[in-house]
Amino acid sequence: MSEFQMANNRQQNLFHIILQKFLPFWPLFVVLGFVGLVIAQFYIWNTVPKFESSGALIVNDEKKGVDQSQLMESFNVFESKKIVENEIEVIKSKDVVEDVVNTLGLYANIFTNGFFNEHVYYKDAPVKIVLMDPSDVPVDSDIDDVEFSVDFEKGMVYMDGEGTPFDTWVSNPFGGSVLKFLPNGYEKYDNDKVFRFQIIPPRLKVNQIVSNLYVGAASKSATVVKILYTDAIPERGNEIVDQLIESYKKATVTSQNSLASNTLNFIDERMEVVGKDLQEVEKDLEKYRSKEGVINLGEQGNLYLQNVGDYDRQIGEIDLQLSVLNKVERYVISKNKTSGIVPSTLGVNDPILGQLLQRLYDAEIEYGELSKTTAENNPLLTVVRNRIENIRPSILENVRSQKSNLQASKSSLSTNSGKYNEALNVLPEQERIFLEINRRKKSIEDLYDFLVQKREETALSYAPTLGNVRVIEKAEASIRPVSPKKPFIYLIGMLMPLVLGLVWVAGRELLNTKVLFRSDLELDAAIPVLGELAFVDKPKEKLLVSQHKDLFIVDQFRRILTDMHMYDGGEMIQTVMITSSIAGEGKSYVSSNLAMTLALSGKKTALIDMDLRKAGVTQLFQLENDMGMSQVLNNGMSLKVGVQKAENLTVFPAGAKTLDSSNLLVSDYWKTFIAAIKKEYDAVIIDTPPTTLVSDATILAQYVDKTVIVIRHDHTPKFVLQHIDETVLRKGFEKSTLIFNGVKIRGVIKQGYGYGYGYDDSVEFQENSFLVRFKRIVQNFFN
């Protein structure tokens, strides 16, 4: 056989096993699937549908797309370059979302109770509830909601029987900030209609919104940011998305103005100092002219003065840059202990330093936001903290490198300025002093003019353009709900009960320690399986095939006898011993019906009950009071103890019970008796005690042609079956076979016999009424 055929056979066998295992329970699966669909429908009815509102905006990213024009940048010198990933985090930050909550008044919910769920009002709400201080709302309140009604004609809101006019501050029944009711422009409700409202702390509402919010880039290379929000009310979802964009813009402008304000303060401080220096040098010049009468200087002195003035102006610019760098260095070093706005890099023409400072500022903003809601050891917080610690050394290294370069430049300029100062020393004393005062005045004036120019540039940034953020798609809600997804809910509702049913069926049989399938016999025992006998649900007095005349059961016994060669033809088997491993496996039932079937076929048959303790055959034929085998073995009585129970069938009952059967079997009486029986009868069936209790079956095995061991469905433990080969070998049973007895049909509708036969007794089916069959189905399901 080819590998393909073997693989195909394995697949077919696996399919057959699965089909055989679960197909009998198809009514159960149909009922479970239907129940699952009903539960899914109730879930859909009880679930508020949610719609998805979507909007989009463009953020100018320094790494993507095209930057804004240099002219716009010149008017907005403090606007930092934006990175899409950073801006996404800013958009969905809790501070921005909290501004949305407070602006739209989302902390107040107005609703009425419905049959399946609550009906929440928004645009159609009778009033709008406003808090004076939204941050002053207790997290834990003693009440869940408050009932109220509205009289639109009088402009009154009634709570607990007390009226409150519109637009009037009243105490909050939930505690905390006072509130007021405002008309909402929707006055289509009756005055006696009762509404409910509840106040949710804004921070809790923020968490609810963030959990339903998605903000992300449209693609890896695009600067378009998509904003998606799911809400039960489409109009509310649209307003939340639009307001989120506006709050993000406002937060961006606020950040820029904070940086510009900090820079203006720095410039004003410097201008105040430089202005005082300028006033002092002008006073010195005026005093010197009055005292010495100096009016003009020589051309050479003017040239020297001009060169020295240029050098001093450059040194002044370097001093300004050093001052800025010192302030930046102090900010970075002391940032662990204090907080503040990133200092301006005014006058320092190094874009790398500006970018590093902006990255530090953005990281610290992100760290501050996360630290409000996450634990100190949270991995996200640790990542941001490590990023901050990695940026600071880079800034300090850059600052110190620039300071070193500036110090070198200043040293060079001071040297050159010193040369011209030496040249000026040769001028007359009055002219030299005059030139020195003018040089000081000129350098201070240049520095002051530079500060004035930068102050005007900074002032312009207080009215920045929002060219870096542009809305390209206003919020729009989906036409159909995105949740719940009905096909998915129906699928889950149908599959989950089916899976539970499969697990129940498989687990019930997997955990069962009894033998359930013929395959168990074939796998655990090397002894061949002679056949199967279906379970017969009849009273004890009707278990014989001659009494119930069930053709299906009779046919099963005939097939077994044929397979044992007990009919004419071929090598004939005359004497058969029927035994079992434990009590209750039905050996007496099997031996009695095999003997009865043989007798009905015309063979002269002897049925011997050698179970002298239980006497199961004797009880089936109701011969408990007759003499039997115990008398034969004790007294050597003749064959006359046999009782003719049917044509061609003689039953030898057990007789009086005895506990010494093993010793009796080794006597000559038994040998004489069995020899006579074999001569007198065509077939001999011997019923023996279970093999695990006494040694009777071991003694009798030497007198028979075949040993049949009965295994009962859902009764014989699996461990007994697993050791049956060892038992047969130890007991010396030759030509042993197994019969699988009492096989019950599997599944919910247990009408018929065995598993897999699908046979129905037409007479019994007609006699059973519908109510009787239904009762049997229910009993079988719970059993």
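Rules of the game
- Numbering of residues starts from 1 in every chain and runs along the sequence as written.
- Where local features are concerned, this predicted model is filtered to residues with pLDDT of at least 70; where side-chain atom pairs are given and counted, the filter is 80 or more; whole-chain, interface and lining totals use all residues.
- Heavy atoms from the whole structure form the basis of all side-chain values; hydrogens and water molecules are not counted.
- Strands here mean DSSP runs of E at least two residues long; helices mean DSSP runs of H or I at least four residues long; both are numbered from the N terminus.
- Exposure categories follow from relative accessible area, calculated using a 1.4 Å probe and restricted to protein chains: below 20% of the type maximum is buried, above 50% is exposed, and the middle band is partly exposed.
- Contacts are assigned to residue pairs with any non-hydrogen atoms lying within 4.5 Å of each other.
- Throughout, the Shrake-Rupley method with a 1.4 Å probe supplies accessible areas, and for residues the shown protein chains are the sole cover considered.
- Criterion used throughout: strands pair if DSSP finds at least two bridges between them.
- Each nonpolar core is a collection of buried residues, namely Ala, Val, Leu, Ile, Met, Phe, Trp, Tyr and Cys, held together in the definition by side-chain atoms within 4.5 Å.
- Here, a salt bridge means any Lys or Arg side-chain nitrogen found within 4 Å of an Asp or Glu carboxyl oxygen.
- Per-residue confidence from the predictor is reported as pLDDT, which spans 0 to 100.

## With respect to the overall build of the chain
A tally of regular secondary structure across the chain gives 25 helices and 20 strands. A buried classification covers 44% of the 783 residues belonging to the chain. Restricting to contacts in the chain with at least 6 residues of sequence separation, those with at least 24 account for 77%. Carbon and sulfur atoms form 54% of the exposed surface of the chain, whose accessible area is close to 41,300 Å².

## Some remarks on the pairing of strand β14 (residues 575–580)
With respect to burial, β14 is a largely interior element, six of its six residues being buried. Taken together, the four bridges between β14 and strand β18 (residues 683–687) define a ladder with parallel strand orientation. If you follow I578 over to β18, its bridge partner there is D687. Here β14 pairs with strand β19 (residues 706–712) via five bridges, running parallel. Considered in β19, the bridge of I578 is made with V708.

## Digging into the nonpolar core
Counting 51 residues, the largest nonpolar core has I110, F148, F181, F197 and I227 as the members making the most contacts within it. Not counting residues within four places of it along the chain, the set of residues in contact with F181 comprises V127, K128, I129, V157, M159, F166, D167, V170 and F197. Core analysis: the next-biggest nonpolar cluster, separate from the first, contains 41 residues, L633, I677, I711 and I724 among them.

## With respect to the pattern of salt bridges
Applying the stated rule across the entire model yields 24 salt bridges. In this structure, the salt-bridge partner of K250 is D99, at a minimum N-O distance of 3.0 Å. Taken together, the positions of K250 in helix α7 (residues 234–292) and D99 in helix α5 (residues 94–104) put the pair 151 residues apart, joining distant regions of the chain. Look at K250 and you get partly exposed, because its relative accessible area is 45%. Residue R392 pairs with E389 through a salt bridge whose shortest N-O separation is 3.0 Å. Pair noted here: R392 and E389 are both in helix α10 (residues 379–425), with a separation of three residues, about one helical turn. Judged by its relative accessible area of 9%, R392 is buried. Each member of the salt-bridge network shares a partner with another, and the members are D95, E98 and R203.

## Focus: the confidence of the model for the chain
Considering every residue of the chain, the mean pLDDT works out to 80; 83% of them sit at 70 or more. Averaged pLDDT values for the elements of the chain fall to 34 in helix α24 (residues 762–767) and rise to 94 in β18. In the model, residues 62–81 has pLDDT below 50 throughout and makes 38 contacts with residues more than four positions away in sequence or in other chains. Below a pLDDT of 50 lies the segment residues 752–779, which in the model reaches 45 contacts outside its immediate sequence neighbourhood of four places, other chains included.

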